[in-house]
Amino acid sequence: MNTTVGRGAAPPSHRPSRRALAVAVAAGLFAGGLAGVAGPAHASEPESYTFTNTVNPIIGDGSYYSADPAPMVVPAGAPGNPGAQDQLYIYTGHDQAGPATNDFIMNEWGALRTTDVEAGQWTHFPSLMRPETTFAWATPGRAYAGQVVQGVDGRYYWYVPIHERDSPVSDKFAIGVAVSASPTGPWTDHAGGPIVSQRVPTANTIHNIDPTILVDGEGPDQRVYLWWGSFSQLRMLELGQDMKTPIGAVRTVTGLTGFFEGAWAFKRNGTYYLAYAGNNAGPTSQCTPANYHACLAYATASSPQGPWTYRGTFLRPVSSTTSHPGVVEFDGQWYLAYHTADAVDGGHFRRSVAIDPLEWDDTQTPPRIKLVTPTPAKERDLTPRPNIAQAARVTVSNEPVPTQYWVKALNDEIVRRNPLPPDMWGTWTGNNPPQQWVQYTWDQPMRITGSQIDFWNDQPQGTGVGVAAPARWRIQYWDLDAGQWADASNPSGYPTSTQGFQNTTFDPVTTTQVRAVFDASTNGSTYSAVAVEEWKVLAAQPESVSAPAMTVEVGETDLPDTLPVSFGAETLRVPVYWDEVTPDDVATPRTFAIGGTVLGYAAGRVSAQLTVISPDDTEGDETAPTVTLTPSGSAGSAGWFRSAVRVRIAGADDRGGRLAISSRVDDGESAVANDVRHVDVTVTGDGEHTVTATATDRAGNVSAPASLAVRIDAVAPVSTATVHSSTRAVTVTATDATSGVARIEYAIGTGAWQTYTGAVAAPDANRHTLSFRALDVAGNLETARTVVIPADLSGPLTGNIAPIATPTASYTASWNSVTALNDSADPNNPSQAQIWGTWSGTRPATQWVQYTWSRPVRITGTELKFWRDSNQGSGDGVAQPDGWVLQYWDETGSSWRDVTGASGYGTSTTAFNTVSFDPVTTSRVRATVRANGNGSTYSAVAITEWRVFADDPGVTPELPVTVTAQARCVAGRAYLAVQVRNDHDAPVDVTVQTAYGERVFAAVAPGGNAYQQFTTRTASMPAGTATVRVSGSVDGKGVTTVVTAQPPGVDCAADPRQAQ
Amino acid sequence: MNTWSRKRLLAAGASGALLAGVVAVGSPAFAEPGDEAGVEVTVEIEEIREPGVLAMSVAADSVMLSEDGSTLLVRQFTGTLPTVTVTDTRTPDEVPEGAAWAVLGSATDFVGDAEQAPIGAGHLGWKPKLIDGGDTGLVSEGEEVVTVLDEPTQPGNNVGLVDQELLVSTFDSGAVTPGEYTVDADLFLRTPGDVEAGAYTSTLTLSLFE
């Protein structure tokens, strides 16, 4: 809470505060008033005003957004501080971005000054320095994170990153240094130019921002060190005592795990510390689960030159995407200055500086920084409202969620005007599926009737790329009776705008789980991802809620966390958040009223009578308590749970006192909890369990034992599919260890799921993808798997056979797709994912695309359409090519040959270039494209769609046999042994022909053999041929298959058996 | 490992008896009526070198050929080779990789009992017949071998049983063991029409190789 006095008064704060703080605020008003009256500004003093605030952010009312704190202590008596108290300055940048601007708009630096952090009386200097005013070589703006230090000569030096106006380099950031005799200026350029840029002191390619300076040592031996850098590049340079002249070479600093930017160097008791903003993200990262969030981490060293040892995180990610450390000791206390987006109307580009104590663990060597706890602590929002999403557990379809997204964003009740990842949950990957979902689960049934969802996008619907609003979506709830998902009934609609909350109402329903299922937007071949900033689920509103009277024992401050809420005939136990009960409130028996907020109840807060009783007053109590067991977990079907189950064992006594509760799981040890009203027992492990409990009241009366059976199957079934090699039918089998397989489902292509009843026949001769999954009795649904039914190419082929080919290419740019060649989609304005293209830094003179079929096909023509975004002669981009030629693979010659009789190769980028040629039978064709060039470089080439036309009679089915022909020696003579195994499923007739004889076998059984050993009557046999004719029936048609084998020769003269 | 065995069938004497037979069926008379025609058909059995593993036996040690189907130009005497049994009691893993057994047969010239000119072994042919080859299809009889008086029915097979000819073989010993396989063969002696009458004896030697 801020109170401002003096010039530039800010609007009053809207932030809530705790009662305890109200005192400080009142004091601040008084002190601030004094300052405003007693401290008229000196003529040369920069503009300032004074205010008092003890709650973070330091300026929290949104009147001024300050970022990148750089604290510095100015001791009493030092230049600029004539007073008797040390002063703490926190120099900051000034975030001036509008509420919907996603960029750092920073034009000046200012400072905050105090003599007592806890008292919170601050003087704010909104504008102490601007780049273009102090540095003649700088452009306005880009006043990023700097630091002020007192130099060797006692003056103040301000190191700042600014843009160098006349720099030719790509990244114009440079570090300049200004000097002043006072901590508040005026500031003059100390070096007359950059001391660091991409050109000085040595050429580099890094982002030269975020300087931090350490003046090390005492008196005449003082040495000056400068660190700077961003985007994971940290550099260090020693400066002369003049604070600007480089000494030695620039060093690259390593050892700072996850370093991103914002280094801050300091020294404590002989140990050097480098604090920094880290962004190593991931589910197991010590720093942050999501990209674009930063933690503050640190490393230590015994010398400014390192080596540095990573020591972990000391501030977890804050509400702004960036984080920035400023560590300082002031009046014997260490502090961390940082920034957040927590001010009124704050954001990632409207940050505000905060300060909290920083504590040390001096039991370790070197001493470690303890994790800083940001204040004020996040408190539950007790505003009555219908949203209940914030109380739900979130699960999503795309675990693990890509690290640029944050699943917590879904129900954090924060909606930004200019959200950036990870302010949303999203699903984008390189290959996006047609469906995604988000699920909320509550610990107890809730009655819901509406939804508000806020979609995020970076692409329009229908593009099939990036993140787009879903094509359609729907809300489903877990039907507690049926044990399955059901669509919400009578939905008012499922709008898909990405502007603001999209409202849906539906018939009230009581459930523990609800999910939003998104059908991704598609361009016909690829799908966009889905992203959601916030999803609220709105509770149905009861006519009224009245809290029953409650009883607690003396000293008992915990109150029941649910209360009964009636919706017509149905009564649910709904979570309630009571105001805090202090030990003083319940110190003696009495009755008083207490307020609370009921989850999802928007009409107002509730009030209850709370009676405090003495636990010892048990005389005459002979009534046994009762005990009830209530399971909660992810409820499945048929009485099964699909997760670990928490069983709440609640005792109730007629007197209202607490109890001793004894509980046991299966045959385990009994556990007794004293002075409780309930205990929670967690039951884990697939299988059937029993929880047994009794309760004993203060008078010693014991309840009847109660027990509850708990059945858990948390593991999804596992299914496997096999595709029959000849019939192409798919057989699926599934197993489930605990509750058993309920059914198997399958879907062909994007078709609907169907229940599997037996082998699934291929629907036609085309290639298909069959998805399959199994559901167990408990309701665990296996993640769908897929199997490919290959195309049946045996029949006659006519028309475009590209879709049944496998496309490959000499090169494909990562943003393009080689499968776009034969996806049968030829949109007017294809996305980059809908074309094949070859742009890269090196663009060769020719590129090719190739189709491969699983058998030779007789082809007669082809056509393709090129794509361009640059003019011919540019030598860059994607241009219309100079020409192309169709080639086929000559199997016998093992070489590529141009097709003959081609009718001419056009190169249009707006119409198909059609070519007919002499029919040729081949299993592979290539279109080899000659790129257009400018004499020194070539443009890339791109094709939207490529078709190849066939006129093919088809393939006669073959009888499967295995022929083995061996040359043998027996008694010095050569023999040719020929074996034919019948791999067909019906008898076949076999004729074996060799140079040494012929043999006919009738009706060789399936799996049986025909075998003949032919005699040569000579001692050696040359390599030859055995010809096997197999006759039989395939699908009722007579078929003859000829198979040849090439037995090697043999010379039996050397065979030892000849001697016999 | 190569195992083999050899059995000698003092076999198939073309003899006066055969000729008598011819007479009996009214063929042009070359034999003397009432001639004793005791045909000696003997078998000489060598000791099996590796008894009880892979073995061959022959159902009889002699066979007599009798005239059947003679023409004006060619006299033919036929009989049936006694059943040859190949018994393999080994287990498949006892059989060497790639082993295959085969039975070969060759005959000596037919020698007359009364100074007649011998009849070359090239005049004796056979047509093996598989009696029981199991159900694998991997045991097959050898091709027919015809005599020097015949046109070849398979390339180069009009040579008679001068050299060792294939009676029966397997493609893969390991695939057909254990088992007992039987084969016999039609035997036929074809001589010119002017062959001298009398009793003849030849020895047919059967050898089992692996």
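Residues numbered from 1 in each chain as written. Chains lettered and ligands numbered in written order. Predicted model: local features only at pLDDT ≥ 70, side-chain atom pairs only at ≥ 80, totals over all residues.

Draft legend 1. Just the interface of chain B and chain A, in detail. Counting residues at the interface gives 23 residues for chain B, matched by 21 residues for chain A. Counting residues per element, the ones that place at least two in the side of chain B that touches chain A are β6 (102–107), β10 (165–170) and β12 (200–209) of chain B. With 3 residues, the single largest contributor to the side of chain B that touches chain A is β10 of chain B. Here the residues of the side of chain B that touches chain A are counted per class, giving 10 nonpolar, 10 polar and 3 charged. (Contact = placed C-beta atoms within 7 Å. Helix = DSSP H or I, 4+ residues; strand = E, 2+ residues; numbered from the N terminus. Nonpolar A, V, L, I, M, F, W, Y, C, P; charged D, E, K, R; others polar.)

Draft legend 2. Geometry of the nonpolar core. The biggest cluster of nonpolar side chains holds 158 residues, and the ones touching the most others in it are W158, L274, Y276, W425 and V532 of chain A. Take this core: its biggest share by element is 8 residues, from strand β26 (residues 435–456) of chain A. Here Y276 of chain A is in contact with L256, F259, G262, A263, W264, A297, Y298 and P325 of chain A, once residues within four sequence places are set aside. In terms of nonpolar packing, the next biggest core, distinct from the first, is built from 67 residues, Y975 of chain A together with L166, L189 and L208 of chain B among them. (Core = buried A, V, L, I, M, F, W, Y, C linked by C-beta atoms within 7 Å. Buried ≥ 20, exposed ≤ 12 C-beta atoms within 10 Å, placed from the backbone.)

Draft legend 3. Geometry of the sheet that holds strand β38 (residues 645–652) of chain A. Residues and elements named next belong to chain A. The strand order β36-β38-β41 describes an open sheet built from 3 strands, whose pairing is antiparallel. Only two strands of the sheet have a single neighbouring strand rather than two, namely β36 (626–632) and β41 (678–683). Averaged over all adjacent pairs, the angle separating strand axes in this sheet is 20°, with direction ignored. Bridge count between β38 and β41: 6 bridges; the pairing is antiparallel. Paired with I649 across the strands is V679, a residue of β41. (Pairing = 2+ DSSP bridges. Axes fitted to C-alpha atoms, helices over the stretch in contact; angles between N-to-C directions.)

Draft legend 4. Seen up close, the sheet that holds strand β59 (residues 973–982) of chain A. Residues and elements named next belong to chain A. With antiparallel pairing, the 3 strands of this open sheet are ordered in space as β58-β59-β62. In this open sheet, the two strands that pair with only one neighbour each are β58 (961–970) and β62 (1009–1015). Sheet twist, expressed as the mean angle between neighbouring strand axes with direction ignored, is 15°. Where β58 lies against β59, 10 bridges are found, and the strand directions are antiparallel. Across the sheet, the residue bridging to Q966 is A977, located in β59.

Draft legend 5. Quick peek at the pairing of strand β5 (residues 106–114) of chain A. Residue and element names in this part refer to chain A. Among the 9 residues of β5, 7 are classified as buried, and the element is accordingly described as predominantly covered. The sheet contact formed by strand β4 (residues 87–95) and β5 spans 7 bridges and is antiparallel. Paired with Y91 across the bridge in β5 is A111. Across 4 bridges, β5 lies against strand β6 (residues 121–129) in antiparallel orientation. Looking at the pairing, R113 lines up with T123 of β6. Hairpin connection from β5 to β6: 6 residues lie between these consecutive antiparallel strands, with G120 at a positive phi of about 75°.

Draft legend 6. Focus on the environment of G1007 of chain A. Tracing the backbone shows G1007 of chain A in the loop between β61 (997–1004) and β62. Sequence-wise, G1007 of chain A and H984 of chain A are 23 residues apart; in three dimensions their C-alpha atoms are separated by 7.4 Å.

Draft legend 7. Broad picture of the confidence of the model for chain B. Residue and element names in this part refer to chain B. The predicted model of chain B has a mean per-residue pLDDT of 78, with 75% of residues at 70 or higher. The low-confidence segment residues 9–39 (pLDDT under 50) makes 90 contacts with residues lying over four places distant or belonging to another chain. Interface confidence in the predicted complex, given as ipTM, is 0.78; pTM for the same model is 0.56. (pLDDT = per-residue confidence, 0-100.)

Draft legend 8. Here's a closer look at unusual backbone geometry. Residues and elements named next belong to chain A. G306 connects to P307 through a cis peptide bond whose omega is 0°. Along the chain, P307 falls in the loop between β17 (295–301) and β18 (309–315). A cis amide bond links T375 with the next residue in sequence, P376, at an omega value of -5°. As for its placement among the helices and strands, P376 is situated in the loop between β23 (368–369) and β24 (393–396).

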